[in-house]
Amino acid sequence: MATLEEIEDLIAQVAAGDRAAFQRLYQLTSAKLFGVGLRILGSRAEAEEALQDTFVKIWRNAERYRATGFSPMTWLITVARNTAIDRLRARKIRGTDLSEAEELPSPQPGPEAEAIASGERARLLACLEELEADRAEAVKGAYLMGYSYQELAEKYEVPLNTMRTWLRRSLLKLKECLTR
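Conventions adopted
- Residues numbered from 1 in each chain as written.
- Predicted model: local features only at pLDDT ≥ 70, side-chain atom pairs only at ≥ 80, totals over all residues.
- Heavy atoms only, no water.
- Phe/Tyr/Trp six-rings, centres within 6.5 Å; stacked < 30°, edge-to-face > 60°.
- Helix = DSSP H or I, 4+ residues; strand = E, 2+ residues; numbered from the N terminus.
- Buried < 20%, exposed > 50% of the residue type's maximum accessible area, 1.4 Å probe, protein only.
- Contact = heavy atoms within 4.5 Å.
- Axes fitted to C-alpha atoms, helices over the stretch in contact; angles between N-to-C directions.
- Parallel < 35°, antiparallel > 145°, perpendicular 65-115°, else oblique.
- Nonpolar A, V, L, I, M, F, W, Y, C, P; charged D, E, K, R; others polar.
- Disulfide = S-S within 2.5 Å.
- Patch = residues over 30% accessible without salt bridge, like charges linked within 9 Å, V, L, I, M, F, W, Y side chains within 5 Å.
- Areas by Shrake-Rupley, 256 points an atom, 1.4 Å probe, with all protein chains shown as cover.
- Salt bridge = Lys/Arg side-chain N within 4 Å of Asp/Glu carboxyl O.

Trainee: Looking at this model, I keep getting lost on the packing of aromatic side chains. Mind explaining?
Mentor: What describes a pair of aromatic rings is the distance from one ring centre to the other and the angle between the planes of the rings. Taken as a whole and assessed by the stated rule, the structure comprises five aromatic pairs. Look at F22 and F55: their rings are 5.9 Å apart centre to centre, the planes differ by 75°, and that puts the pair in the edge-to-face class. With F22 in helix 2 (residues 19-41) and F55 in helix 3 (residues 44-61), this residue pair connects regions lying 33 residues apart in the sequence. Residue F22 shares its accessibility class with F55, and that shared class is buried.

Trainee: Quick question: what am I supposed to make of the side chain of E46 here?
Mentor: With respect to the secondary-structure elements, E46 resides in helix 3. With near-sequence residues (within four places) excluded, E46 lies in contact with L41, R87 and R91.

Trainee: When you look at the packing of helix 6 (residues 133-143) against helix 8 (residues 160-178) in this model, what are you seeing that I'm missing?
Mentor: Angle between the axes and distance between the axes are the two parameters that describe a pair of packed helices. Packing of helix 6 against helix 8 brings their axes to within 9 Å, and their N-to-C directions diverge by 95°. Between helix 6 and helix 8, the angle falls in the class roughly perpendicular. Contact residues: helix 6 offers D134, R135, A138, V139, A142 and Y143, while helix 8 offers M163, W166, L167, S170, L171 and L174. Here the residues of the contact of helix 6 with helix 8 are counted per class, giving nine nonpolar, one polar and two charged.

Trainee: Can you help me understand unusual backbone geometry in this one?
Mentor: Note: most peptide bonds trans; most residues except glycine with negative phi. Even without being a glycine, E157 presents a positive backbone phi close to 55°. In this structure, E157 sits in the loop between helix 7 (149-156) and helix 8. For E157, a relative accessible area of 72% translates into the label exposed.

Trainee: Hey, could you run me through the environment of A2 in this one?
Mentor: With respect to the helices and strands, A2 occurs in the segment before helix 1 (4-15). Expressed as a C-alpha distance, the spacing of A2 and T29, which sit 27 residues apart in the sequence, is 9.0 Å. Setting aside residues up to four positions removed in sequence, A2 forms contacts with I7 and L28.

Trainee: Honestly, the environment of F55 in this entry has me stumped. Any pointers?
Mentor: Using a relative accessible area of 4% as the deciding quantity, one classes F55 as buried. Between the C-alpha atoms of F55 and L76, which are 21 residues apart in sequence, the distance is 9.0 Å. Non-local contacts of F55, meaning those with residues more than four positions away in its chain, are made with F22, L25, Y26, T29, S30 and L33.

Trainee: Looking at this model, I keep getting lost on the state of the cysteines. Mind explaining?
Mentor: Two cysteines form a disulfide when their sulfur atoms are joined by a covalent bond. With the rule as written, the count across this model stands at one disulfide. In this model, C127 is linked to C177 through a disulfide, with the two sulfur atoms separated by 2.0 Å. Here C127 and C177 share a disulfide; its torsion about the S-S bond, -80°, makes the bridge left-handed. Here C127 is found in helix 5 (residues 111-130), whereas its partner C177 is found in helix 8, with 50 residues between them in sequence. For the pair formed by C127 and C177, the shared burial category is buried.

Trainee: Quick question: what am I supposed to make of a nonpolar patch on the surface here?
Mentor: On the surface, L144, M145 and Y147 cluster together to form a nonpolar patch covering roughly 240 Å² of accessible area. In this structure, Y147 sits in the loop between helix 6 and helix 7. A residue is classified by how much of its surface remains accessible, and Y147, at 30% relative accessible area, is partly exposed.

Trainee: What's the story with the pattern of salt bridges in this structure? I'm lost.
Mentor: A side chain of one charge can pair with a side chain of the opposite charge when the charged atoms of the two come close. Summed over all chains, the structure comprises seven salt bridges. Residue E49 is joined to R87 by a salt bridge in which the shortest nitrogen-to-oxygen separation is 3.3 Å. With E49 in helix 3 and R87 in helix 4 (residues 72-94), the pair connects residues that are 38 residues apart, well separated along the chain. One salt bridge connects D86 with K57, and the closest N-O pair in it is separated by 4.0 Å. With D86 in helix 4 and K57 in helix 3, the pair connects residues that are 29 residues apart, well separated along the chain. Here the residues in one salt-bridge network are E49, D53 and R87, joined through shared partners.

Okay, here's the thing in structure tokens:
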């Protein structure tokens, strides 16, 4: 397992156009980033495409990463999560075709996804339980199921800015809980 400093150094080298560093970064992080995409998209094929898009974005935008005391994995996971959510939203817009029904994935997570998620799942669930129930559901909706702030505001019948405040404050509480 790579250290956070090693990953941070690799991102800096990728920003400078180092292909070997990019390959090493892929080797060290692709399994975790694939798991993020698989959790959001629920399809191995789409998660693999999202992973490819994620690494294209990392290659093109590595110079935007700034070491600010936050984990470099946080930045990488954010890129992967946003890419997967973009694909999920695009899927909602274009609808589903009946020809895709033959390719429905098993609802059970694969061993790769289970291995990635098992370590942090219990801590995250415990922290989510510390939030008010509607706030926890809103966080899950926004960050795991890809709902927009507007969709969540309508669902919970609150103004859009109130939903933004709920999510921002909930994320701060989760961050505090996870660092304990």
